[in-house]
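# Architecture and fold: a report
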Amino acid sequence: MSDRAGPPSSPNAVAAFLDEARRVAPAAGAAPRLIFALDATMSRQPTWDLACTVQAGMFEATARLGGLAVQLVYFRGFGECRASRFVGDPRALTGLMAGITCRGGQTQIGRVLRHARNEAGKGPVKALILVGDAIEEDLDGLCALAGELGLLGLPAFCFHEGPDTQAGTGFAEIARLSGGAYARFDAGAPGTLAGLLRAAAVYASRGLDGLRLAAREDAEARRLLGALTSGR
């Protein structure tokens, strides 16, 4: 991962994120819940900006199906891992993301998986989306957590940026053990990530049948459907 210096974050960025997250009204209780987790370490800034742009498609894809409640989780820097409330307004989520800049640090995927497990203990979570480019933690420990998610019926959709084959193998195993799906994308082709996010959102909202319907017309939905069902 790159340690290149980037734009400094405001000293109040984290506090502002949390304050805004508390003010945002949560989505209706009946809306399916999805956790959207992003690596915000330094090498991720271009893809963070891309995700800010395309994440609204998750909501748009499911708005006519009854909506979706999304929680943003991110990690960066030295041990910083934050989560918003579940929100049903894409503008609110975009606003939260726009106030965050990436900082150098190690990955904290284990914390994300434990958080997802804990949220599932409070109430059903239909899917976890994890977007990242590296794994710098013990893979066996991550796989054990992924297996716990699988037992809870919480699939992880791991969307991996870049050519790191070792990281790709790790993300694919996390996805497999949780009952989810793995896909690689290139930040230079923003339509791919946008399509993957839409497809995962449709799955969270309407399950496998909904994804099958979407796959009739959408290439990324077909790709995700294939990855999701290949081991079944």
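Chains are numbered independently. Their residues run from 1 in the order of the written sequence. Selection of residues for local features in this predicted model requires a pLDDT of at least 70, selection of side-chain atom pairs for listing and counting requires 80 or more, and totals for whole chains, interfaces and linings are taken over all residues. The side-chain numbers reported here are obtained from all heavy atoms of the structure, hydrogens and water having been left aside.

### Side note on helix H5 (residues 109–122)
The line we're drawing: Helix and strand definitions follow DSSP, with helices as H or I runs of at least four residues and strands as E runs of at least two, each counted in order from the N terminus. The span one expects for a helix is its residue count, reduced by one, times 1.5 Å. Three labels apply to residues, based on accessible area from a 1.4 Å probe with only protein chains included: buried if under 20% of the type maximum, exposed if over 50%, partly exposed otherwise in between. Any pair of residues with heavy atoms lying within 4.5 Å of one another is described as a contacting pair.
Helix length check: H5, at 14 residues, gives a terminal C-alpha distance of 20 Å against a target of 20 Å (1.5 Å per residue), a fit within 8%. Those residues of H5 not exposed but buried are Ile-109, Gly-110, Val-112, Leu-113, His-115, Ala-116, Glu-119 and Ala-120. On its buried side, H5 packs onto strand E1 (33–39), strand E2 (69–76), strand E3 (80–87), strand E4 (127–132), helix H6 (139–151) and helix H7 (165–178).

### What to know about the pairing of E4
Going by this rule: A strand pair is defined by DSSP finding two or more bridges across the two strands.
Of all 6 residues in E4, 6 are buried, a share of seventy percent or more. Where burial is concerned, the two faces of E4 agree: the one with Ala-127, Ile-129 and Val-131 and the one with Leu-128, Leu-130 and Gly-132 are both buried. Of the strand pairs in this sheet, E1 and E4 are connected by 5 bridges, and their pairing is parallel. Residue pairing in the sheet places Phe-36 in a bridge with Ile-129 of E4. The sheet contact formed by E4 and strand E5 (residues 156–161) spans 5 bridges and is parallel. Among the inter-strand pairings, Leu-130 is bridged to a residue of E5, identified as Cys-158.

### A closer look at the sheet that holds E3
Applicable threshold: Note on geometry: axes are lines fitted to C-alpha atoms, helical ones only across the stretch in contact, with angles between N-to-C directions running from 0 to 180 degrees.
The strand order across the open sheet built from 6 strands is E3-E2-E1-E4-E5-E6, with neighbouring strands paired in mixed fashion. In this open sheet, the two edge strands, each paired with only one partner strand, are E3 and strand E6 (181–185). Strand after strand, the sheet turns through a mean of 15 degrees between neighbouring axes, direction not considered. Here E1 runs beside E2; their pairing, made up of 7 bridges, is parallel. Across the sheet, residue Leu-34 finds its bridge partner in E2, namely Val-70.

### Considering the pattern of salt bridges
The condition is simple: For this analysis, a salt bridge means a side-chain nitrogen from Lys or Arg found within 4 Å of a carboxyl oxygen belonging to Asp or Glu.
In this structure the tally under the stated criterion is 10 salt bridges. Between Asp-218 and Arg-198 there is a salt bridge whose closest N-O contact spans 3.4 Å. A residue pair is termed long-range when its members are at least 10 positions apart, and Asp-218 in the loop between helix H8 (190–215) and helix H9 (219–229) and Arg-198 in helix H8 qualify at 20 residues. Between Glu-220 and Arg-223 there is a salt bridge whose closest N-O contact spans 3.3 Å.

### Observations concerning the nonpolar core
To be explicit about the condition: In this text, buried Ala, Val, Leu, Ile, Met, Phe, Trp, Tyr and Cys residues form a nonpolar core when linked through side-chain atoms within 4.5 Å.
In this structure, Phe-36, Leu-93, Ile-129, Phe-157 and Phe-159 are the most contacted members of the largest nonpolar core, which totals 45 residues. When residues of this core are assigned to their parent elements, the largest contribution, 12 residues, is made by H8.

### With respect to the side chain of His-160
Heads up, the condition is: Identification of polar contacts relies on pairs of N or O atoms within 3.5 Å, with a donor-acceptor requirement for protein atoms, meaning one able to donate a hydrogen and the other able to accept it, and with residues adjacent in sequence counted only if both atoms are side-chain atoms.
Here His-160 is to be found in strand E5. Side chain to side chain, His-160 and Tyr-182 meet in a polar contact 3.0 Å long. Excluding residues within four positions of it along the chain, His-160 makes contact with Gly-132, Asp-133, Ala-167, Gly-168, Phe-171, Tyr-182, Ala-183, Arg-184 and Phe-185.

### Some remarks on the packing of helix H2 (residues 45–54) against helix H4 (residues 90–98)
Cut-off, in case you're wondering: Note that the term roughly parallel is reserved for angles under 35 degrees, roughly antiparallel for angles over 145, roughly perpendicular for angles of 65 to 115, and oblique for everything else. Note on convention: near helix rotated counterclockwise from far helix by under a right angle means a left-handed crossing. Clockwise means right-handed. Three classes are used, and their members are as follows: Ala, Val, Leu, Ile, Met, Phe, Trp, Tyr, Cys and Pro are nonpolar, Asp, Glu, Lys and Arg are charged, and the others, Gly among them, are polar.
Running from N to C, H2 and H4 point in directions that differ by 165 degrees, and their axes come no closer than 9 Å. Taken together, the axes of H2 and H4 lie roughly antiparallel to each other. The interaxial crossing formed by H2 with H4 has left-handed handedness. Contacts between H2 and H4 involve Trp-48, Ala-51 and Cys-52 on the former and, on the latter, Thr-94, Met-97 and Ala-98. Along the lines of polarity and charge, the residues of the contact of H2 with H4 split into 5 nonpolar, 1 polar and no charged.

### Re the pairing of E6
Which entries qualify depends on this criterion: Handedness is read with the strands pointing away from the viewer; a crossover is right-handed when the path from the first strand over the helix to the second is clockwise.
Covered by surrounding structure in E6 are Ala-181, Ala-183 and Phe-185 only, the residues Tyr-182 and Arg-184 on the alternate face being uncovered. Regarding the hand of the β-α-β motif, the stretch spanning E5, H7 and E6 is right-handed.

### A word on the confidence of the model for the chain
Counted only if it meets this: The predictor rates its confidence in each residue with pLDDT, a number between 0 and 100.
With 87% of its residues at a pLDDT of 70 or more, the chain has an overall mean of 85. In this model, residues 20–28 is a region of pLDDT below 50 whose contacts with residues beyond four sequence positions or in other chains number 17 contacts.

### As for the packing of aromatic side chains
The condition is simple: Each Phe, Tyr or Trp ring (for Trp, its six-membered ring) is paired with any other whose centre lies within 6.5 Å, and the angle between the two planes then decides the class: stacked below 30 degrees, edge-to-face above 60, tilted in between. When the NZ atom of lysine or the CZ atom of arginine is within 6 Å of a ring's centre and also within 35 degrees of its normal, the charge is said to sit over that ring.
This model, assessed by the stated rule, comprises 2 aromatic pairs. Summarising the aromatic geometry, the rings of Trp-48 and Tyr-74 are spaced 6.0 Å apart at their centres and angled 80 degrees between planes, so their arrangement reads as edge-to-face. Here Trp-48 is found in helix H2, whereas its partner Tyr-74 is found in strand E2, with 26 residues between them in sequence. Using a relative accessible area of 2% as the deciding quantity, one classes Trp-48 as buried. Note on Tyr-74: relative accessible area 0%, which makes it buried. Above the face of the Phe-86 ring, Arg-33 is positioned so that its terminal group lies 4.4 Å from the ring centre.

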